[in-house]
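# Chains, contacts and geometry: an overview
Chain by chain, the residues run as shown.
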Amino acid sequence: MKDLTLVILAAGMGSRYGGLKQIDKFGANGEAIIDFSIFDAIEAGFNKLVLIIREEHEAIFEAELVGKIRPYINVEYAFQNINDVPAWFAGVEGREKPWGTTHALLAARNQVSGPFVIINADDYYGKQAFVEMARFLTEDVSDTEASMMGYIVDNTITDNGTVTRGVCQIKDGYLTDIVEMDGIKRTDVGVIGGPEGSLIPDGTQVSMNFWGFTPAIFTLMESKFERFLKEDVADNPMKAEALLPNDVGSLIHDGKLKVRVLDTPDRWFGVTYQEDKPMVLKQFETFQTDGTYPSKLWDKK
């Protein structure tokens, strides 16, 4: 069996949530959402973990998360740093915000040498999603064919505010277009999103940043990131972000990548706002009492 790596995007600051939600506690014994994702990935056959974080957060991640999971999986850190840019780029004076999720992905390029999945730290994807992704990475992945776990948009919305999702168009099981859309919310007429509040059709699938790649993606994304620095940053130097879904869509349009959309019966949930926390706490309480997960996730057998 191939070595399989789990890469987790965990460098965000949680501005809408009001704290470092990547390691906020939701389980019966203080587990974070990220604990359950790592647990599911290990069960599905993943044997290496790369955590993409800010370097100043290493100590708290080590204390709150990594120390207890090292007996189960090989763990490495990758640091997203705003100064990790090509030598020709002069930077933006006064900007502290990192360059987005494509830039975060590139932070792991020296830690990943085989097929890998990349996910968000604060999203719960479900057990079967990792099983399906592990199967794809073991049997079907190639340098020109990647995968994405799709979720129905209506199942990814909070009642506590708007969300941003990668809205997908799919044909014959493959992604044909994906656009990161903000302002998504549920209304009386259906799910709407974008600056004009456009209606998103029922059943539309979205990306929750659950992707399967080979290391060839790093070279492809480096070219997209350089274009971003030359064009997007010039237009909006303080706020521009290189977003992974948009850059995957661009690679599809360029004919350089095919992306198979995988399905899962599991329902996504997560925490965008502090008000989302009670629902997530209740869900994990159910999981740890009905046997979906052990009551003590990392107890050695």
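Now for a quick tour of the structure. (Residues numbered from 1 in each chain as written. Predicted model: local features only at pLDDT ≥ 70, side-chain atom pairs only at ≥ 80, totals over all residues. Heavy atoms only, no water.)

## Considering helix α7 (residues 277-289)
With 13 residues, α7 ought to run about 18 Å at 1.5 Å a step, and its terminal C-alpha atoms sit 18 Å apart, in line with that. Where α7 is concerned, the buried positions are K277, V280, F284, F287 and Q288. Angularly, the buried residues of α7 cover 90° about the axis, an arc narrow enough to put them on a single face. Seen from the buried face of α7, the exposed residues on the opposite side, beyond 90 degrees, are P278, K282, E285 and T289. Buried residues in α7 make contact with α1 (33-44), β5 (123-124) and β13 (269-270). Among the residues trailing α7, G291 stands out with phi positive, at a value near 95°. (Helix = DSSP H or I, 4+ residues; strand = E, 2+ residues; numbered from the N terminus. Expected span 1.5 Å × (residues − 1). Buried < 20%, exposed > 50% of the residue type's maximum accessible area, 1.4 Å probe, protein only. Arc of directions from axis to C-beta. Contact = heavy atoms within 4.5 Å.)

## A closer look at helix α5 (residues 216-235)
Given 3.6 residues to a turn, an α-helix orients residues that are three or four positions apart in the same direction. The end-to-end C-alpha distance of α5 is 29 Å, a good match for the 28 Å that 20 residues give at a rise of 1.5 Å each. When α5 is considered as a whole, its buried residues turn out to be I217, F218, L220, M221, K224, F225, F228, L229 and V233. Of the surrounding secondary structure, the elements contacted by the buried residues of α5 are α3 (101-106), β4 (116-120), β11 (205-213) and α6 (244-253).

## A few points about the packing of aromatic side chains
This model, assessed by the stated rule, comprises 25 aromatic pairs. A ring pair is formed by F284 and F287, whose centres lie 6.0 Å apart and whose planes are at 70°; its orientation type is edge-to-face. One end of the pair is F284 and the other is F287, both in helix α7 and three residues apart, which spans about a single turn. When its relative accessible area of 13% is taken as the criterion, F287 is described as buried. Here the aromatic residues F36, F39, Y72, Y124, F269, F284, F287, Y293 and W298 are joined through ring pairs into a cluster of three or more. Directly above the ring of W268 sits R165, whose terminal nitrogen or CZ lies 4.9 Å from the centroid. Its guanidinium or amino end placed over the ring of F26, K277 lies 5.6 Å from that ring's centre, counting from NZ or CZ. (Phe/Tyr/Trp six-rings, centres within 6.5 Å; stacked < 30°, edge-to-face > 60°. Lys NZ or Arg CZ within 6 Å of the ring centre and 35° of its normal.)

## Section: the pairing of β11
The buried fraction of β11 is high, at nine of nine residues. Residue alternation in β11 divides its side chains into two sets, Q205, S207, N209, W211 and F213 and V206, M208, F210 and G212, and both sets are buried. With three bridges connecting them, β4 and β11 associate as antiparallel partners. Paired with F116 across the strands is F213, a residue of β11. Bridging between strand β6 (residues 145-152) and β11 involves five bridges; their strand directions are antiparallel. Counterpart to Y151 in the pairing with β11 is V206. When strand β7 (residues 163-171) meets β11, the two strands line up antiparallel, connected through two bridges. Residue pairing for β11: V167 is matched across the bridge by V206. (Pairing = 2+ DSSP bridges.)

## A closer look at unusual backbone geometry
In the Ramachandran plot, D172 falls in the positive-phi region, its phi being about 55° despite a non-glycine side chain. Tracing the sequence through the fold places D172 in the loop between β7 and β8 (174-187). The exposed category is assigned to D172, whose relative accessible area is 72%. Positive phi, normally seen in glycine, also occurs at N209, with a value near 60°. Within the secondary structure, N209 sits in strand β11.

## Structural notes on the pairing of β8
Pairing geometry for β7 and β8, over eight bridges, is antiparallel. Paired with V163 across the bridge in β8 is I184. Turn length for the β7-β8 hairpin, with the two strands adjacent in sequence and antiparallel, is two residues, and the turn residue D172 shows positive phi of about 55°. The hairpin formed by β8 and strand β9 (residues 190-193) contains two residues between the paired strands.

## Focus: the pattern of salt bridges
It is possible for side chains of opposite charge to pair when their charged atoms get near one another. For the structure on display, the rule yields 18 salt bridges. We note a salt bridge from D35 to K68, for which the minimum N-O separation is 3.5 Å. Here D35, found in helix α1, pairs with K68, found in helix α2 (residues 58-69); they are 33 residues apart in sequence, far enough to count as distant. Under the relative-accessibility criterion, D35 is labelled buried at 1%. Among the residues examined, K68 registers a relative accessible area of 29% and is labelled partly exposed. Salt-bridge contacts for R260 lead to E145; the nearest nitrogen and oxygen are separated by 2.9 Å. With R260 in strand β12 (residues 258-262) and E145 in strand β6, this pair connects stretches of sequence that are 115 residues apart. (Salt bridge = Lys/Arg side-chain N within 4 Å of Asp/Glu carboxyl O.)

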